[in-house]
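Take a look at the letters that make up each chain.
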Amino acid sequence: MSARNKSKRNTNTLNADFALLRWIGAIGIALFLVIFPYERALFNGYELSFEGPIYGALIFGYVMLAFTAFYVYRNSQMNSYRGILSIAVMLLPFIYWLSSLQAVSTYYAKFMTLVFFLLAALFIGALYFAENKLTRKTIEYAVMLSSYLIVLFGLLNLFGQIYYKDALWLAHDGYRLSSVFQYSNSYAGFLVALFLVSLYYAVHCVRPSARIIHAAMLVPIWISFMLTYSRGAIVIIPVMLLIVLPFLRLTKQITYIVFMGVSVVVSMAVLGKLTTIADKIAALVQPTETKAPSTISLFSSLPMQGWGLLVLGLLIVTGLIMLYHAKAANFLETKLTKLSSYKWSFAAVPVITIVLTAVAAVSLLGSSAIRGLLPDKIAARFENINLQQHSVLERLTFYKDGLRVAEDYPLLGGGGGAWQAMFEQYQNNPYWSRQAHSFFVQVLVESGWLGLLAIVGLLVFVYFLYIRSFIRYPELRGSHFVFFIFSLALLVHSVIDFDMSYIYIISLVFISLGCMLAPYSHKLIIERMNGKLNKSWTKIAYPAVMALLSIFLLVIAIRETNATGNYNKAIDLAVGQQTSLEQLLPILDRAIKSSPTQPYYKLTKADWLEQAYKQTNTATFLDQALSTVKEGRKYDPYNRSLLMSEYRFLQEKGLFEESLATINEGVKKFPWDINLYEAAITSYAKANQTALTGKDEAKAKEYAQQVVDLSNEVKRRIGQLASLPAEQQQGRTFAMTPGIEEAVAQIELALAQ
């Protein structure tokens, strides 16, 4: 009897340990979602200024990975699809690591490898910690809390109570709402996902309090969405409706469409007045060349009007939704019971939705009278929706250029950061975009076809398992469907924009993917593998690798964080306290030692050494600057700033032949940078004069021919730009400069003699 009691106590202790581990893991994921959005949503802009918060998130995630390793050891299921997926997801960072071996930017290749390890950690954590209903609900509530706070944050900026840089993004046609993302199109994609999820809750929530909360958010979300003025995100809505509706019962489909219609109609009714108020507030609080940013009291006239209209709209929608549930829902269920029993009933509402969407689109795009009901800026955006608008043509150009990169780097790509490093070498015209404006194109450029196939394969397999489980086990259906909506909507929009460059958004996607499958974890057992993986080493091998990997990754992330800290300290001392170079360089050298491949550290050191050379005329400083830049270019050969610094230092040292080789390299790598052409042409013109003075006719002729060839190339490219469609913007200026014209005239004169 005592042995039985002891065994029971051990089982209870083990279950309590599992429960505690799950709760800690779920709370960790929840905290990640709530804490990190306010650092520009962890945007990866491939610039040093964005990296500090991302390293903080990486450290947080790797601690979670170590914790997850312990949980997986205690609750291993290697004979299931969950175990297979937790291994398969690690292929993504592994492929990025392989790509880093041939990377065009060593630092950012490593950086993106670290980011994908974070995503793998979050996916595995969600896959295991969300298997229990309560812990899954904790993550679910965190997703919604984080999302609703982001919407509220955006509205507080819209009405002037707080100021966050570029939360109202100034575009060519006025301010566009962007909240924490500082980019309205990505915010719009996020809002589409959130709106569809909130509709799902408004339809399905049983508790009146929960129903009220989600119903009340529909108007603020739609108003925010419209004020992003995003055209691409609008196209995503009907696509997502056609995907989501078949998963719902007929009566829920009808309710979903009704609630959407009510929310949109009421929102649009107050939108015109709200837009006018928001524009007036922006004129008061947003910074200009002559005034700093400011805020305005909530109780001032304009904000009170704005918030009042918003609250009025949400009260009307919430009231109508609650009335519908109280009076119409049961009636509808009763009347449509027979119709719902038909197998084809699930497709009825989607088909009707297609027809209504087509009618609405034709009416909106073809009728000036209907567009006249909208605010002017929104009407203008709708009017310009077509496949010939500049944003569509530019994106198509990005994608074609990405495929051209993939032709040269087909298998493993150019490593993380390859697009921002190489896009200028492959671009069709001189646009400026450090993002490929498509998650999948960017993955292709960075990790090749192998990486793209791996990530697409993982996504297809996860969605296949979820849809199959959703159909097979109706008793396990529930609110975890919101993770399906969230992840899929964000992925669909990321096809046409760079949403996944926000680490917050892509983390949300990977967390959602894990949480989708977690409720079905015990249904994902592979029966034929039972008993084949019961050896002790199979239980400990994978979690042990995870634990060791998390420690290794933590060390790297902490080193990079320390490097950033030392760099920022050196900058603060240089700018704020005018500290001497002798005191600054050891601090900067510590940053370089911790992160030897980071190009910005070496650029800063070279710049300071160059300033010291100019002040003291001490050749040693110039030599050190040149060696620093050359060392940096070993790791980042496509860094234009490093290249131009090397060219300048070589010119300063009188090493003209080497400087000409460097500027030639620059022209090949950045063939749409007119400043590089000017530098190359004027350098060859000077070299021509020097050769003529030295009576070296052969060299003079060679240099003159280089000037002619380069100027002809500039003219050829100018002619190429003339063939662009009228709707497509050229991008940066590319035209003959006075310096080029003078150098060419000088060579023509010399050749004529």
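Quantities reported herein were computed from a predicted structural model and do not represent experimental measurements.

In this structure, what is going on with the overall build of the chain? I would like to understand it.
When helices and strands are counted, the chain shows 29 helices and 2 strands. Across the 753 residues that make up the chain, the buried fraction comes to 55%. The long-range fraction of contacts in the chain, counting pairs at least 24 apart against all pairs at least 6 apart in sequence, stands at 76%. In the structure as shown, the chain presents an accessible area of about 32500 Å², 64% of it carried by carbon and sulfur atoms.

Sorry, what's going on with the confidence of the model for the chain here?
Caution applies to low-pLDDT parts of the model: their predicted coordinates are not meant to be read in detail. Taken as a whole, the chain shows an average pLDDT of 90; of its residues, 90% reach a score of 70 or greater. At the level of individual helices and strands, the chain shows its lowest average pLDDT in helix H14 (residues 368-371), which scores 56, and its highest in helix H20 (residues 503-517), which scores 98.

I would appreciate a short explanation of a nonpolar patch on the surface in the present structure.
A contiguous nonpolar surface patch, about 460 Å² in accessible area, is contributed by Trp 23, Ile 27, Leu 31, Ile 35 and Leu 134. Among the elements that take part in the nonpolar patch, helix H1 (residues 2-35) stands out by supplying 4 residues, more than any other. If you trace the backbone, Ile 27 turns up in helix H1. Residue Ile 27 is classed as partly exposed on the basis of its relative accessible area, which comes to 41%.

Honestly, the pairing of strand E1 (residues 168-171) in this entry has me stumped. Any pointers?
The side chains of a regular strand alternate between both faces of the sheet. Alignment of E1 against strand E2 (residues 174-177), held across 4 bridges, turns out to be antiparallel. Along E2, the bridge assignment pairs Trp 169 with Arg 176.

Even after reading the chapter, I still don't get unusual backbone geometry, so can you show me in this structure?
The bulk of non-glycine residues show a negative phi, and the bulk of peptide bonds are trans. If you check the backbone angles, Ser 179 has positive phi at about 50° while not being a glycine. For Ser 179, the position within the fold is in the loop between E2 and helix H7 (184-204). Its relative accessible area of 0% is what places Ser 179 among the buried residues. With phi around 60°, Asn 617 is a residue other than glycine that occupies positive phi space.

Mind showing me how you'd approach the nonpolar core here?
In summary, soluble globular proteins display a tendency toward joint burial of nonpolar side chains. Ranked by size, the top nonpolar core spans 185 residues in total, and within it Ile 139, Phe 181, Tyr 256, Phe 481 and Phe 486 carry the most contacts. A total of 19 residues in this core trace back to one element, the largest contributor, which is helix H5 (residues 106-129). Contact partners of Phe 181, with chain neighbours within four places excluded, come to Ala 41, Ile 150, Tyr 187, Phe 190, Tyr 502, Tyr 504 and Ile 505. Residues Ala 680, Ala 704, Val 714 and Leu 721 belong to the second largest nonpolar core, which totals 29 residues.

Sorry, what's going on with empty space enclosed by the protein here?
To locate leftover empty space, one rolls a probe as large as a water molecule over the atoms. Under the defined criterion, the tally for this structure stands at 5 cavities of 30 Å³ or more. For the largest cavity, the lining is made up of 17 residues, of which Met 112, Phe 439, Gln 442, Met 500 and Ser 501 are closest to its centre. Counting only elements with at least two residues in the lining of the largest cavity, the list comes to H5, helix H18 (439-472) and H20. In terms of residues, the lining of the largest cavity owes the most to one element, H18, which gives 4 residues. Tallied by class, the residues present in the lining of the largest cavity amount to 11 nonpolar, 5 polar and 1 charged. Quantified by volume, the second largest cavity comes out at close to 80 Å³. Leu 158, Leu 168, Tyr 175, Leu 177, Leu 227, Tyr 229, Thr 275, Ala 278, Asp 279, Ala 282 and Lys 377 together form the lining of the second largest cavity. Only E2 and helix H10 (250-285) provide two or more residues apiece to the lining of the second largest cavity. Here the element with the most residues in the lining of the second largest cavity is H10; it accounts for 4 residues.

Please clarify how the packing of aromatic side chains should be interpreted in this entry.
Each aromatic ring pair is characterised by the separation of its centres together with the angle its planes make. Per the stated rule, a full pass over the model turns up 53 aromatic pairs. Centre to centre, the rings of Tyr 466 and Tyr 520 are 5.9 Å apart; their planes meet at 75°, and the pair counts as edge-to-face. Placement of the pair is Tyr 466 in helix H18 and Tyr 520 in the loop between H20 and helix H21 (536-576), with a sequence separation of 54 residues. Taken as a pair, Tyr 466 and Tyr 520 share a single burial class, namely buried. Cluster of aromatic residues (ring-pair linked, three or more members): Phe 43, Phe 50, Trp 169, Phe 181, Tyr 183, Tyr 187, Phe 190, Phe 486, Phe 498, Tyr 502 and Tyr 504. The ring of Phe 670 carries the charged tip of Arg 640 above its face, separated from the ring centre by 4.6 Å.

How should I be thinking about the side chain of Asp 499 in this particular structure?
With respect to the helices and strands, Asp 499 occurs in the loop between helix H19 (481-494) and H20. Buried within the structure, Asp 499 lacks any salt-bridge partner; its nearest side chain of opposite charge belongs to Arg 395, at an N-O separation of 7.6 Å. Within the structure, Asp 499 has its side chain in polar contact with the side chain of Ser 186 (distance 3.0 Å). Excluding residues within four positions of it along the chain, Asp 499 makes contact with Ser 186, Gly 189, Leu 490, His 493, Ser 494 and Ile 505.

What should I look at first to understand the side chain of Ser 179 in this one?
One polar contact links the side chain of Ser 179 to the main-chain carbonyl oxygen of Ile 150, over a distance of 2.8 Å. What Ser 179 contacts, discounting residues up to four positions off in sequence, is Ile 150, Phe 153, Gly 154, Tyr 164, Asp 166, Ala 167 and Tyr 187.

Would you mind showing me how to read the packing of helix H27 (residues 674-693) against helix H29 (residues 738-752) here?
Two quantities define a packed helix pair, namely the angle between the axes and the distance from one axis to the other. Packing of H27 against H29 brings their axes to within 9 Å, and their N-to-C directions diverge by 30°. It follows from the interaxial angle that H27 and H29 lie roughly parallel. Here the hand of the crossing between H27 and H29 comes out left-handed. Between H27 and H29, the residues in contact are Ile 674, Tyr 677, Glu 678, Ile 681, Thr 682, Ala 685, Asn 688, Gln 689 and Leu 692 and Gly 739, Ile 740, Ala 743, Gln 746, Ile 747 and Ala 750, respectively. The residue inventory of the contact of H27 with H29, partitioned by class, reads 9 nonpolar, 5 polar and 1 charged.

Can you help me understand the pattern of salt bridges in this one?
Oppositely charged side chains may form a pair once their charged atoms are brought near each other. Under the definition given, this model contains 22 salt bridges. Between Glu 610 and Arg 648 there is a salt bridge whose closest N-O contact spans 2.9 Å. Here the residue Glu 610 occupies a position in helix H23 (residues 599-616), and Arg 648 occupies one in helix H25 (residues 640-652), the gap between them amounting to 38 residues. The class for Glu 610 is buried, based on a relative accessible area of 8%. The exposure class of Arg 648 is partly exposed, given its relative accessible area of 35%.

Just to check I follow, could you spell out the environment of Gly 416 for this structure?
With respect to the helices and strands, the residue Gly 416 is situated in the loop between helix H16 (390-408) and helix H17 (418-426). Measuring from C-alpha to C-alpha, the distance between Gly 416 and Ser 100 comes to 7.0 Å, with 316 residues separating the pair along the chain. When near neighbours in sequence (up to four residues on either side) are disregarded, Gly 416 contacts Tyr 96, Ser 105, Tyr 108, Ala 109, Met 112 and Glu 446.

Help me understand the environment of Ile 674 in this model?
Mapped onto the fold, Ile 674 is located in helix H27. Classification of Ile 674 as buried rests on a relative accessible area of 9%. For the pair Ile 674 and Val 714, spaced 40 residues apart in sequence, the C-alpha to C-alpha distance is 8.0 Å. Excluding residues that lie within four positions of it along the chain, Ile 674 makes contacts with Val 714, Thr 733, Phe 734, Ala 735, Thr 737 and Ile 740.

Sorry if this is basic, but what is going on with the packing of helix H8 (residues 208-226) against helix H11 (residues 301-335) here?
Contact pair H8 / H11: the axes reach a minimum separation of 8 Å and the direction vectors enclose 135°. One way to sum up the angle between H8 and H11 is to call them oblique. For the element pair H8 and H11, the recorded crossing hand is right-handed. Along the contact surface, H8 presents Pro 208, Arg 211, Ile 212, Ala 215, Ala 216, Leu 218, Val 219, Pro 220 and Ile 223, while H11 presents Leu 310, Gly 313, Leu 314, Val 317, Thr 318, Ile 321, Met 322 and His 325. For the contact of H8 with H11, the residue count by class is 13 nonpolar, 3 polar and 1 charged.

What counts, and where the lines are drawn
- Residues numbered from 1 in each chain as written.
- Predicted model: local features only at pLDDT ≥ 70, side-chain atom pairs only at ≥ 80, totals over all residues.
- Heavy atoms only, no water.
- Helix = DSSP H or I, 4+ residues; strand = E, 2+ residues; numbered from the N terminus.
- Buried < 20%, exposed > 50% of the residue type's maximum accessible area, 1.4 Å probe, protein only.
- Contact = heavy atoms within 4.5 Å.
- Areas by Shrake-Rupley, 256 points an atom, 1.4 Å probe, with all protein chains shown as cover.
- pLDDT = per-residue confidence, 0-100.
- Patch = residues over 30% accessible without salt bridge, like charges linked within 9 Å, V, L, I, M, F, W, Y side chains within 5 Å.
- Salt bridge = Lys/Arg side-chain N within 4 Å of Asp/Glu carboxyl O.
- Pairing = 2+ DSSP bridges.
- Core = buried A, V, L, I, M, F, W, Y, C linked by side-chain atoms within 4.5 Å.
- 1 Å grid on protein atoms, 1.4 Å probe; cavity = no way out; pocket = protein on both sides within 12 Å on 5 of 7 lines; lining within 4 Å.
- Points joined across faces, edges and corners; volume = space filled by probe spheres on them.
- Nonpolar A, V, L, I, M, F, W, Y, C, P; charged D, E, K, R; others polar.
- Phe/Tyr/Trp six-rings, centres within 6.5 Å; stacked < 30°, edge-to-face > 60°.
- Lys NZ or Arg CZ within 6 Å of the ring centre and 35° of its normal.
- Lys, Arg positive; Asp, Glu negative; His and termini not counted.
- Polar contact = N/O pair within 3.5 Å; in protein donor to acceptor, adjacent residues only side chain to side chain.
- Axes fitted to C-alpha atoms, helices over the stretch in contact; angles between N-to-C directions.
- Parallel < 35°, antiparallel > 145°, perpendicular 65-115°, else oblique.
- Left-handed = near helix turned anticlockwise from the far one by under 90°.

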